[in-house]
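Remarks on the overall topology
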Amino acid sequence: MKETMTAILMYMQKHVSDEITIEEIAAHFGYSKYHFSREFKKFTGFSAADYLSSIKIEQAKQDFLKKQRSITDSSFDAGFSSLGTFSTMFAKKTGLSPREYKNQVESLYHLAKNYDDTMSTSYYAEKIQEEDTYQLSVTIHYPKNYQASITFVGLFNSAIPNHKPIVGTALRKKTQHTFTHIPKGKYYLLACSIEKN
């Protein structure tokens, strides 16, 4: 499965709106549901169902944030069968309701516009001891013609985070940052950007 994982992930993203099931995805690639689920978690670190629900939520978020569509329409277009199911799953993944999330992102965007263009700020989940820590330099590459308003970068304990980062930063008009005093451990580097309107 390792060799076809990229194809599997792309297939799941392509069909995310089709209300496709894990069993159907497994069958498409010639696996039983049990074997597929076990191997998927082995290679990615999270379950296929968790990944599928996460990309559905991400699609809905992009839809109601960037296209200014209603949360209800966005949830149905992302493959959720009901608004209630979407709201429950959304809150589980983000800690907020879809409406709260949308309001916070919009507030954050307006706040970010007032920051200095070279602003960057760092966040640490806990007080860091100086000894036995590490550093990591990160360079952000944006798609062509993409104009970032503010970009958040952080190190997380899981690939699909629903918690604050171990260390994090917010960047404006900067594409590089060096995290210092990183505690010893295994982390996932993730970035999220808000595009200029």
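First, a word on scope: everything that follows refers to the structure included in this document. Since the model is a prediction, treat every value here as computed from it, not as a measurement. Chains are numbered independently. Their residues run from 1 in the order of the written sequence. Given that the model is predicted, a residue must reach a pLDDT of at least 70 before its local features are reported, and side-chain atom pairs must reach 80 or more before they are shown or counted; all residues, however, enter totals for whole chains, interfaces and linings. No hydrogens and no water enter the side-chain calculation; it runs on all heavy atoms of the structure.

For strand S3 (residues 148–156), the tally of buried residues reaches eight of nine residues, placing the bulk of the element in the interior. Two strands form a pair only when DSSP identifies at least two bridges running between them. Secondary structure elements are defined from DSSP: runs of H or I of at least 4 residues count as helices, runs of E of at least 2 residues count as strands, and each element is numbered from the N terminus. Of the strand pairs in this sheet, S3 and strand S6 (residues 188–195) are connected by eight bridges, and their pairing is antiparallel. Note that in S6 the partner of threonine 151 across the bridge is serine 193. Judged from the five bridges that link them, S3 and strand S4 (residues 167–171) form a sheet pairing that is antiparallel. Bridging from a neighbouring strand, leucine 155 pairs with valine 167 of S4. Exposure is judged per residue with a 1.4 Å probe applied to protein chains only, and the accessible area is read against the type maximum: over 50% gives exposed, under 20% gives buried, and values in between give partly exposed.

Another aspect to go through is the pattern of salt bridges. For salt bridges, the criterion is a side-chain nitrogen of Lys or Arg within 4 Å of an Asp or Glu carboxyl oxygen. On inspection of all chains with the given rule, the structure shows five salt bridges. A salt bridge links glutamate 39 to arginine 38, with the shortest nitrogen-to-oxygen separation between them at 3.6 Å. A salt bridge links arginine 69 to aspartate 63; its shortest N-O distance comes to 2.5 Å. Residue classification places aspartate 63 among the buried residues on the basis of a relative accessible area of 9%. Several salt bridges converge on common partners, so that one network encompasses Asp63, Arg69 and Asp77.

For the rest of this paragraph, the subject is the packing of helix H1 (residues 5–14) against helix H4 (residues 48–66). Axes here refer to lines fitted to C-alpha atoms; in helices the fit is confined to the stretch in contact. Angles between the N-to-C directions go from 0 to 180 degrees. Where H1 meets H4, the axes come as close as 10 Å, and the angle between the chain directions of the two elements is 45°. In this view, H1 runs oblique relative to H4, as classed from their interaxial angle. Crossing of H1 against H4: the hand is right-handed. Between H1 and H4, the residues in contact are Leu9, Met12 and Gln13 and Ala48, Tyr51, Leu52 and Ile55, respectively. Charged residues are taken to be Asp, Glu, Lys and Arg, nonpolar residues to be Ala, Val, Leu, Ile, Met, Phe, Trp, Tyr, Cys and Pro, and polar residues to be all remaining types, Gly included. Looking at the contact of H1 with H4, its residues break down into six nonpolar, one polar and no charged. Each angle is binned into one of four classes, with values under 35 degrees roughly parallel, values over 145 roughly antiparallel, values of 65 to 115 roughly perpendicular, and all other values oblique. Each crossing gets its handedness from the near helix: less than a right angle anticlockwise from the far helix is left-handed, clockwise is right-handed. It only takes one pair of heavy atoms within 4.5 Å for two residues to be counted as in contact.

So, on to the environment of phenylalanine 156. In this fold, phenylalanine 156 is placed in strand S3. Once the C-alpha coordinates of phenylalanine 156 and tyrosine 187 are considered, the two residues, 31 residues apart in sequence, prove to be 5.3 Å apart. The residues touching phenylalanine 156, leaving out its near neighbours within four places in the chain, are Pro161, His163, Lys164, Pro165, Tyr187, Tyr188 and Leu190.

Only rings of Phe, Tyr and Trp enter the pairing, Trp through its six-membered ring, and a pair is recorded when the two centres are within 6.5 Å. The plane angle decides the type: under 30 degrees is stacked, over 60 is edge-to-face, the rest tilted. Scanning the entire structure with this criterion turns up eleven aromatic pairs. Both rings, one in phenylalanine 36 and one in phenylalanine 40, keep their centres 5.8 Å apart while their planes meet at 40°; by these two values the pair is tilted. Of the two residues, phenylalanine 36 and phenylalanine 40 both sit in helix H3 (residues 33–44), four residues apart, roughly one turn of that helix. Phenylalanine 36 gets classed as buried once you look at its relative accessible area, which sits at 0%. With a relative accessible area of 0%, phenylalanine 40 lands in the buried category.

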